[in-house]
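So the chains spell out like this:
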Amino acid sequence: MDTIDLLWRNEIPGKRRGRPPKFSSDEVVDVAITVADRTGSSFSLRDVAAELGTPVMSLYSYVQSREQLLDLMSDDVRATMAHRPLTGGWREQLAILTDDNLALFTEHPWLADLESEREILGPGTLAKYEHELTVVEPLPLPDTEKDAVLTLLCDFARANARAMT
């Protein structure tokens, strides 16, 4: 199954052969997040399989690769990240966004080790981005500069999270 279908939970009927799956894709992603939170970004598929109590090769029934699993994990933690209410003026709101991103990277340190260019636009990533756009949208800047502001804030939070570990 390709990454976009997995991100958007598009199941293709009749695509899977053999025994019914022992786990759902969501269960595999949740366990992988737990393992990565505990061991860091150097976790392996073998670590995830051990936590699930299944052979490592069985994970390939759920994901094509570790990179694909990381895409799913990243989108999932962005979907479930806490957002504080955006109060005050635009400066205060940008500070809140930065603090929220720092909290996300602190809660999931492995996420700070991923390159932001790897982001695949799944539902969690898009929802996070839409939330953040509400702060910069009213600013009198071109769209590319609004996006650059959000990238700068996220990269600042990422760098701070890396420095804290």
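Residues numbered from 1 in each chain as written. Predicted model: local features only at pLDDT ≥ 70, side-chain atom pairs only at ≥ 80, totals over all residues. Heavy atoms only, no water.

Turning next to the overall build of the protein chain. Helix and strand counts for the protein chain come out as eight helices and zero strands. Dimensions along the principal axes, computed over C-alpha positions, put the protein chain at roughly 55 × 35 × 25 Å. In the protein chain, the share of contacts with a sequence separation of at least 24, taken over all contacts with a separation of at least 6, comes to 68%. Accessible area of the protein chain: about 9,400 Å², with a carbon and sulfur share of 56%. (Helix = DSSP H or I, 4+ residues; strand = E, 2+ residues; numbered from the N terminus. Contact = heavy atoms within 4.5 Å. Areas by Shrake-Rupley, 256 points an atom, 1.4 Å probe, with all protein chains shown as cover.)

Enumeration over the complete set of coordinates arrives at seven salt bridges. Between Arg 38 and Glu 51 there is a salt bridge, with its nearest N and O atoms 2.9 Å apart. Within this pair, whereas Arg 38 is found in helix α2 (residues 25-39), its partner Glu 51 is found in helix α3 (residues 45-52), the two being separated by 13 residues in sequence. Take Arg 38: its relative accessible area is 51%, and that puts it in the exposed class. With a closest N to O distance of 3.1 Å, Arg 84 and Asp 100 form a salt bridge. Taken together, the residues span a long stretch of sequence, with Arg 84 in the loop between α4 (66-79) and α5 (90-107) and Asp 100 in helix α5 at a distance of 16 residues. A residue is classified by how much of its surface remains accessible, and Arg 84, at 39% relative accessible area, is partly exposed. (Salt bridge = Lys/Arg side-chain N within 4 Å of Asp/Glu carboxyl O. Buried < 20%, exposed > 50% of the residue type's maximum accessible area, 1.4 Å probe, protein only.)

The terminal C-alpha atoms of α4 lie 20 Å apart, and with 14 residues this matches the ideal 20 Å at 1.5 Å per residue to within 8%. Burial analysis of α4 places 11 of its 14 residues in the buried class, which makes it a mostly covered element. Within the sequence span of α4, burial applies to Gln 68, Leu 69, Leu 70, Asp 71, Leu 72, Met 73, Ser 74, Asp 75, Asp 76, Val 77 and Arg 78. Here the buried face of α4 lies against α1 (3-7), α2, α3, α5, α6 (109-112) and α7 (123-136). (Expected span 1.5 Å × (residues − 1).)

Core analysis: the biggest nonpolar cluster contains 34 residues, and Phe 43, Val 48, Leu 69, Met 73 and Trp 110 have the highest contact counts within it. Sorting the residues of this core by element identifies α1, α2, α3, α4, α5, α6 and α8 (143-164) as the ones contributing at least two each. In terms of residue count, α2 provides more of this core than any other element does, seven residues in total. The contacts of Phe 43, once residues within four sequence positions are left out, are Val 35, Ala 36, Val 48, Arg 66, Leu 69, Leu 70 and Met 73. With eight residues, the next largest nonpolar core counts Leu 94, Leu 97, Val 136 and Leu 139 among its residues. (Core = buried A, V, L, I, M, F, W, Y, C linked by side-chain atoms within 4.5 Å.)

Where α7 contacts α8, the two axes come as close as 10 Å, and the packing angle between them is 115°. As judged from the angle between their axes, α7 and α8 are roughly perpendicular. In the packing of α7 onto α8, the handedness of the crossing is right-handed. Of the residues in α8, those touching α7 at Lys 128, Tyr 129, Glu 132, Leu 133 and Val 136 are Lys 146, Asp 147, Val 149, Leu 150 and Cys 154. (Axes fitted to C-alpha atoms, helices over the stretch in contact; angles between N-to-C directions. Parallel < 35°, antiparallel > 145°, perpendicular 65-115°, else oblique. Left-handed = near helix turned anticlockwise from the far one by under 90°.)

Between α5 and α7, whose axes approach to 9 Å, the crossing angle comes to 155°. With respect to each other, α5 and α7 are oriented roughly antiparallel. Across the interface between the two elements, Trp 90, Gln 93, Leu 94, Leu 97, Asn 101 and Leu 104 from α5 touch Lys 128, His 131, Glu 132, Val 135 and Val 136 from α7. Partitioned by chemical class, the residues of the contact of α5 with α7 number six nonpolar, three polar and two charged. (Nonpolar A, V, L, I, M, F, W, Y, C, P; charged D, E, K, R; others polar.)

Attention shifts here to the packing of aromatic side chains. For the structure shown, the criterion picks out one aromatic pair. Between Phe 23 and Tyr 62, the ring centres sit 6.2 Å apart and the planes meet at 55°, which makes this aromatic pair tilted. Residue Phe 23 is found in the loop between α1 and α2, and its partner Tyr 62 is found in the loop between α3 and α4; the two are separated by 39 residues along the sequence. Residue class for Phe 23 comes out buried when judged on its relative accessible area of 16%. Classification of Tyr 62 as buried rests on a relative accessible area of 8%. Of note, Arg 66 hangs over the ring of Phe 43, and the distance from its end group to the ring centre comes to 4.5 Å. (Phe/Tyr/Trp six-rings, centres within 6.5 Å; stacked < 30°, edge-to-face > 60°. Lys NZ or Arg CZ within 6 Å of the ring centre and 35° of its normal.)

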